[in-house]
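Topology and contacts: notes
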Amino acid sequence: MPQLNSHGGVDDLQLAQQAAGGNHRAFHLLVDRHGQRLYRLAVSLIGNPVDAEDVLQETFVGAFKALAKFEARSSVKTWLTRILLLQAAKWRRDRLGKQAGAIELADDVPEGGDGHAQVDRGVDIQAALQKLGEEHRQVLLLREMQQMSYQEIAEVLDVPRGTVESRLHRARADLREKLKAYGK
Amino acid sequence: MKIVKTCPDKLEIAAYYDGELAADRAQVVRAHLVECQACRAELDALGLISGSISSVKASLSQISAYRLHRRIQEAMDQNLLGLARRVCAAAAMVLLASSIWLVSQPGRESPAAPPWTDASMATLSISSDVHSPAGAWYLGDVRAGEPDARLPDVKNVND
């Protein structure tokens, strides 16, 4: 068994295998490697840092419990990202279930002159992202934020590569329209 | 160098922007972009989208990272606890099965019953011990014609 070191000398797959064999430290190293990247994705998917942190925790707990089933058919990065998307979708379903009727996701684009023009650019982008459909938001963030290739995105979303291309195109067009509403 | 006169479709421009086009096709699109302002505008728009999304800042703080590791450690500990419980349950089952097997072996003398089992043993043996005085009294096995030993002697009471 290769020795762990703190300089990334062991690749993700080896760490996952060691963690599956009972080496908890190996799993904590995986968390350190992917935590920041996945947290950023979670915040953009969820829209707020508090719930994003919960989703991130459940992602890694879920990954730990599923370690024995990980067969390395995809990379650890792809596998963890897929779990995060599932957790985020679950969170969104739960949230919508609790607040059915109280949430207007699509029609509250701010209008000029109402004071919203001064809000932070990042917040506007975040708000616009939240108004995208789930599929569009996912594909866009995987490409733009996670810098994933079309093939990697196809693996994460379990769709054909052609679907990724068309979905990404529509997502960008959709976001562009929504950003226009913010005067970006 | 061959330059396409018709514009590539937007999917292809996006694929070029994302670095997903094959090298030869990318070269053709690149050459077209030099000449076509509309396609350059499309490329610029893609750049704006990327810039907008990259402006979203989110960083896992140290305290959040600590909470994350702690939550995972709890899951690991629960996992170990569950494993320990399963091992204990399995060990108990093996012990129980072994005990039953040992007791049921023919020709083996039964060990002396521990004191705390006396009462239950007595109760269990009643049905096969009805001819003992106590058993007969309890079950009402009184011979016909003989005074019922269970009844008090009323003659003596009247005196």
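Residues numbered from 1 in each chain as written. Chains lettered and ligands numbered in written order. Predicted model: local features only at pLDDT ≥ 70, side-chain atom pairs only at ≥ 80, totals over all residues.

The next thing to look at is the overall build of chain B. A tally of regular secondary structure across chain B gives seven helices and zero strands. Moving toward the C terminus, one meets the helices and strands of chain B in the order α-α-α-α-α-α-α. Long-range contacts, defined here as pairs at least 24 residues apart, represent 47% of the contacts in chain B between residues at least 6 apart. (Helix = DSSP H or I, 4+ residues; strand = E, 2+ residues; numbered from the N terminus. Contact = placed C-beta atoms within 7 Å.)

Moving on, we come to the interface of chain A and chain B. Listed per partner, the contact involves 35 residues of chain A and 26 residues of chain B. The set of elements that each furnish at least two residues to the side of chain A that touches chain B consists of α2 (24-46), α3 (49-65), α5 (121-130), α6 (134-144) and α8 (161-181) of chain A. Examining the composition of the side of chain A that touches chain B, we find that nine residues originate from one element, α2(A), more than from any other. The residue inventory of the side of chain A that touches chain B, partitioned by class, reads 14 nonpolar, eleven polar and ten charged. (Nonpolar A, V, L, I, M, F, W, Y, C, P; charged D, E, K, R; others polar.)

Once that is clear, we can look at the confidence of the model for chain A. The predicted coordinates ought not to be read in detail in places where the model reports low pLDDT. Scored by pLDDT, chain A has a mean of 84; 80% of the residues are at 70 or more. Within the model, the stretch residues 101-119 of chain A combines pLDDT values under 50 with twelve contacts to residues more than four positions away or in other chains. (pLDDT = per-residue confidence, 0-100.)

Moving on, we get to the packing of α8(A) against helix α1 (residues 10-17) of chain B. Running from N to C, α8(A) and α1(B) cross one another at 95 degrees; their axes reach a closest spacing of 10 Å. When the axes of α8(A) and α1(B) are compared, the pair comes out roughly perpendicular. Only K10(B), L11(B), A14(B) and A15(B) of α1(B) make contact with α8(A), whose side of the interface consists of E165(A), S166(A), L168(A) and H169(A). (Axes fitted to C-alpha atoms, helices over the stretch in contact; angles between N-to-C directions. Parallel < 35°, antiparallel > 145°, perpendicular 65-115°, else oblique.)

It is characteristic of soluble globular proteins that their nonpolar side chains tend to be buried jointly. All names here are of chain A. Judged by nonpolar contacts, the single largest core of 57 residues is most densely connected at L30, A42, L56, F60 and I153. Of the residues forming this core, the biggest block, twelve residues, is contributed by α2. In contact with L30, other than residues within four places in its own chain, are D12, L15, A16, A19 and V76. (Core = buried A, V, L, I, M, F, W, Y, C linked by C-beta atoms within 7 Å. Buried ≥ 20, exposed ≤ 12 C-beta atoms within 10 Å, placed from the backbone.)

In this section: helix α3 (residues 37-54) of chain B. Residue and element names in this part refer to chain B. Spanning 18 residues, α3 covers 25 Å between terminal C-alpha atoms, matching the ideal 26 Å at 1.5 Å per step. Residues of α3 that are buried include every one of E42, L46, I49, S52 and I53, and no others. Each buried residue of α3 lies within a common arc of 125 degrees when the element is viewed along its axis, so the set occupies one face. Residues of α3 that are exposed and point more than 90 degrees away from the buried face comprise Q37, A41, D44, G47, G51 and S54. (Expected span 1.5 Å × (residues − 1). Arc of directions from axis to C-beta.)

Tracing the backbone through its elements, the reader meets R172(A) in helix α8. Sequence separation of R172(A) and R137(A) is 35 residues, and the distance between their C-alpha atoms is 9.3 Å. Among all residues touching R172(A), those that are not within four sequence positions of it are L140(A), L46(B) and I49(B).

Those residues of α1(B) not exposed but buried are I13(B), A14(B), A15(B) and Y16(B). Buried residues belonging to α1(B) abut α8 of chain A together with α2 (23-35) and α3 of chain B. Following α1(B) by one or two positions, G19(B) has its phi on the positive side, about 70 degrees.

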